[in-house]
Amino acid sequence: TGAHVSSVPNHQVQRTTPLKTRGHVAMTGNLGYELDLTRLTTEEKKQVKEQIHHYRKIQPLIQHGFFYRLRSPFEGNVASWMFVAPQQEEAIVFWGHILAPTHGVMEKLVLRGLHPHFYYRCSETGELFSGEELMHYGRQIPVLEGDFQSLLWHFTKHTPSR
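Definitions and cut-offs
Residues numbered from 1 in each chain as written. Predicted model: local features only at pLDDT ≥ 70, side-chain atom pairs only at ≥ 80, totals over all residues. Heavy atoms only, no water. Helix = DSSP H or I, 4+ residues; strand = E, 2+ residues; numbered from the N terminus. Contact = heavy atoms within 4.5 Å. Pairing = 2+ DSSP bridges. Axes fitted to C-alpha atoms, helices over the stretch in contact; angles between N-to-C directions. Salt bridge = Lys/Arg side-chain N within 4 Å of Asp/Glu carboxyl O. Buried < 20%, exposed > 50% of the residue type's maximum accessible area, 1.4 Å probe, protein only. Parallel < 35°, antiparallel > 145°, perpendicular 65-115°, else oblique. Left-handed = near helix turned anticlockwise from the far one by under 90°. Nonpolar A, V, L, I, M, F, W, Y, C, P; charged D, E, K, R; others polar. Expected span 1.5 Å × (residues − 1). Bend = angle between axes of the 7 residues up to and from the residue.

A. Representation of the environment of Leu144 within the structure. If you trace the backbone, Leu144 turns up in the loop between strand E9 (139-141) and strand E10 (149-158). With 94 residues separating them along the chain, Leu144 and Glu50 place their C-alpha atoms 21 Å apart. With sequence-adjacent residues up to four places away left out, Leu144 is seen in contact with Trp95, His97, Gln149, Ser150 and Leu151.

B. A look at the sheet that holds E10. Taken in spatial order, the six strands line up as E3-E4-E5-E10-E7-E8 in an open sheet, and their pairing is antiparallel. The outermost strands of the open sheet, each flanked by one partner alone, are strand E3 (66-71) and strand E8 (128-130). When the angles between neighbouring strand axes are averaged without regard to direction, this sheet yields 25°. The pairing of strand E4 (residues 78-84) with strand E5 (residues 90-97) spans seven bridges and is classified as antiparallel.

C. Examining the pattern of salt bridges more closely. Applying the stated criterion across every chain yields a total of three salt bridges. A salt bridge links Glu127 to Arg139; its shortest N-O distance comes to 2.6 Å. Taken together, the positions of Glu127 in the loop between strand E7 (119-122) and E8 and Arg139 in strand E9 put the pair twelve residues apart, joining distant regions of the chain. For Glu127, a relative accessible area of 36% puts it in the partly exposed group. Assessed through its relative accessible area of 7%, Arg139 is described here as buried.

D. Here's a closer look at the packing of helix H1 (residues 19-27) against helix H2 (residues 42-64). At a minimum axis separation of 10 Å, H1 and H2 run at an interaxial angle of 20°. Comparing their axes, H2 and H1 come out roughly parallel. Read as a crossing pair, H1 and H2 show a hand that is right-handed. Contact with H1, carried on its side by Leu19, Lys20, Gly23 and Met27, involves Glu44, Gln47, Val48, Gln51, His54, Tyr55, Ile58 and Ile62 of H2 and no other residues of that element. Of the residues assigned to the contact of H1 with H2, the class counts are six nonpolar, four polar and two charged.

E. Looking closely at H2. Compared with the 33 Å implied by 1.5 Å per residue over 23 residues, the 34 Å span of H2 between its first and last C-alpha is a close match. At Ile58, H2 is deflected by roughly 55°, the largest bend along its length, and proline Pro60 occurs up to four residues later in sequence. Taken together, the buried positions of H2 are occupied by Val48, Gln51, His54, Tyr55, Ile58, Leu61 and Ile62. Residues of H2 that are buried sit in contact with H1, strand E2 (30-34), E4, E5 and E10.

F. Unusual backbone geometry, seen in detail. Phi at Gln88 takes a positive value of approximately 65°, unusual for a residue other than glycine. Checked against the element boundaries, Gln88 lands in the loop between E4 and E5. Of the residues examined, Gln88 reaches a relative accessible area of 23% and is grouped as partly exposed. Of note in the backbone geometry, Phe148 takes a positive phi value of approximately 55° without being a glycine.

Encoded structure:
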């Protein structure tokens, strides 16, 4: 799937979505940019470089992993999906809300397709979870303020040192 980061405000819907969220969504497809790079701030150019670097690391998983839709954007205010490596040793999870909720309720996201007996480390937080825990209890979503906010978590199989 082609997925491109566009400029803001968007030329079709006139929404302003954070570059981070636009990058997260595009990284779960075939990442591209459809905007004038010369109009980006120094900080935005840095973010684009970081997004491209991150995407190159996860691209094989996105293109060859198993896709699971966790929450449909057509059934609520949240969209979430994940990709799991064929041998279940790695996963990428996207979560995003469309409009900011009017209340700060903590949400839980239950993952799918992991190996229940593997342990997984979240690259973004360093936390360690069992596959069974992630697929039965789930993962707490921190409260994110503002419209069009997102998270992208990268889980890798953790093998304890002996």
